[in-house]
Amino acid sequence: MSVELQGSLFTDAAEDFGPLGSSVTRRTLTRGAWVDVRPGWAGSVDLFDRLVDGVDWRAERRQMYDRVVDVPRLVRFYSESEPWPEPAMSEAKSALDTHYRSELGEPFATAGLCYYRDGSDSVAWHGDNIGRSAVEDTMVAILSLGATRQLMLRPRGGGASLKFTLGHGDLIVMGGSCQRTWEHAVPKSTRATGPRVSVQFRPRGVR
Ligand SMILES: O=C(O)CCC(=O)C(=O)O
Ligand SMILES: [Fe+2]
């Protein structure tokens, strides 16, 4: 490997998950909810490939009336007491903690991974409101890797939806009351769509 290449790799690695500082743009929603966006937070890592190949992905099943249906995506949830598969995930968490700790009042603790194999994988409208987020303000930070997909948000109970286009390395943070007053979804895409991995960081007791 040439010295020059080593140099550029070093530079790129140092740029991944850099301090969020003023690179984050906040959009205030209704009812005490907000969304922060930081495009291109992790542009240079090959974290996507390593997660796709290295994680023991599990099919998600969900009770729907009297049937159990497959949820069209693969998932893997890491608690805080379990080793995470990639050091880069811990680096991202550290940078998130540095930026949000005082506002959030606690560190991010868990990492949820979702693998959308193509455009027919999706997640339906929901709030991450299992646990404390059913009654408390909190934050859910999402690092999007791989193919570009839309994350939609809409007020719970009805109202116009907002579309956030998430490309490789983009960060979006849903905060305030967002998990209980708004819903989010990743709709199916009819376009030819490559695979995407979503990494969600949540505080303890929020799911
Ligand atoms: O794919 C995403 O970024 C969203 C995932 C999500 O909302 C969830 O797993 O709760
Ligand atoms: Fe969610």
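All values reported here derive from a predicted model rather than from experimental measurement. (Residues numbered from 1 in each chain as written. Chains lettered and ligands numbered in written order. Predicted model: local features only at pLDDT ≥ 70, side-chain atom pairs only at ≥ 80, totals over all residues. Heavy atoms only, no water.)

Every residue close to ligand 1 is listed here: Arg73, Cys114, Tyr116, His126, Asp128, Ile142, His184, Val186, Arg196, Ser198, Gln200 and Arg202. The side chain of aspartate 128 places a nitrogen or oxygen atom 3.1 Å from an oxygen atom of ligand 1. Starting from 300 Å² of accessible surface for ligand 1 in isolation, the protein chains cover 95%. Going through the elements one at a time, β5 (110-116), β11 (182-186) and β12 (196-202) are the ones with two or more residues in the shell around ligand 1. Sorting elements by how many residues they give to the shell around ligand 1 places β12 first, with four residues. Among the residues forming the shell around ligand 1, the class breakdown is four nonpolar, four polar and four charged. (Near = heavy atom within 4 Å. Polar contact = N/O pair within 3.5 Å; in protein donor to acceptor, adjacent residues only side chain to side chain. Areas by Shrake-Rupley, 256 points an atom, 1.4 Å probe, with all protein chains shown as cover. Helix = DSSP H or I, 4+ residues; strand = E, 2+ residues; numbered from the N terminus. Nonpolar A, V, L, I, M, F, W, Y, C, P; charged D, E, K, R; others polar.)

Mapped onto the elements, threonine 138 comes out in the loop between β6 (123-126) and β7 (140-146). Between the alpha carbons of threonine 138 and arginine 180 there is a distance of 9.7 Å; along the sequence they are 42 residues apart. Ignoring any residue separated from it by four or fewer positions in sequence, one finds threonine 138 in contact with Leu104, Ser133, Met174, Gly175, Gly176, Gln179, Pro203 and Val206. (Contact = heavy atoms within 4.5 Å.)

Below, the discussion takes up the nonpolar core. In this structure, Trp41, Leu51, Leu96, Tyr100, Val197 and Phe201 are the most contacted members of the largest nonpolar core, which totals 36 residues. For this core, the elements supplying multiple residues, two or more each, are α2 (47-54), β4 (67-78), α3 (87-104), β5, β7, β10 (170-176) and β12. With seven residues, the top contributor of residues to this core is α3. The contacts of leucine 96, once residues within four sequence positions are left out, are Leu20, Trp41, Arg101, Phe108, Ala141, Leu171 and Phe201. (Core = buried A, V, L, I, M, F, W, Y, C linked by side-chain atoms within 4.5 Å. Buried < 20%, exposed > 50% of the residue type's maximum accessible area, 1.4 Å probe, protein only.)

Turning to the sheet that holds β6, a few remarks are in order. Read across the open sheet, the four strands follow the order β6-β11-β8-β9; overall the sheet is antiparallel. Looking at which strands have only one partner, the edges of the open sheet turn out to be β6 and β9 (162-166). Averaged over all neighbouring strand pairs, the angle between strand axes comes to 15 degrees, with direction disregarded. As defined by bridge partners, strand β8 (residues 149-155) adjoins β9 across five bridges and the pair is classed as antiparallel. Bridge pairing links methionine 152 to lysine 163 in β9. (Pairing = 2+ DSSP bridges. Axes fitted to C-alpha atoms, helices over the stretch in contact; angles between N-to-C directions.)

The positions UniProt marks with the feature "domain: Fe2OG dioxygenase" (unreviewed entry) are residues 107-205. Taken as a whole, residues 107-205 contains 4% helix and 49% strand, while its terminal C-alpha atoms sit 12 Å from one another. (UniProt positions renumbered as here; feature names shortened; annotations may be inferred.)

Turning our attention to the pattern of salt bridges. Between side chains of opposite charge, a pair can form when the charged atoms approach closely. Per the counting criterion, the structure on display carries 18 salt bridges. A salt bridge links glutamate 86 to arginine 50; its shortest N-O distance comes to 2.8 Å. Within this pair, whereas glutamate 86 is found in the loop between β4 and α3, its partner arginine 50 is found in helix α2, the two being separated by 36 residues in sequence. For glutamate 86, a relative accessible area of 11% puts it in the buried group. Residue class for arginine 50 comes out partly exposed when judged on its relative accessible area of 33%. Across the pair arginine 204 and glutamate 80 runs a salt bridge, and its minimum N-O distance is 2.9 Å. Within this pair, whereas arginine 204 is found in the segment after β12, its partner glutamate 80 is found in the loop between β4 and α3, the two being separated by 124 residues in sequence. Take arginine 204: its relative accessible area is 52%, and that puts it in the exposed class. Look at the salt bridges and you will find they share partners, linking Asp56, Arg58, Arg76 and Glu82 into a network. (Salt bridge = Lys/Arg side-chain N within 4 Å of Asp/Glu carboxyl O.)

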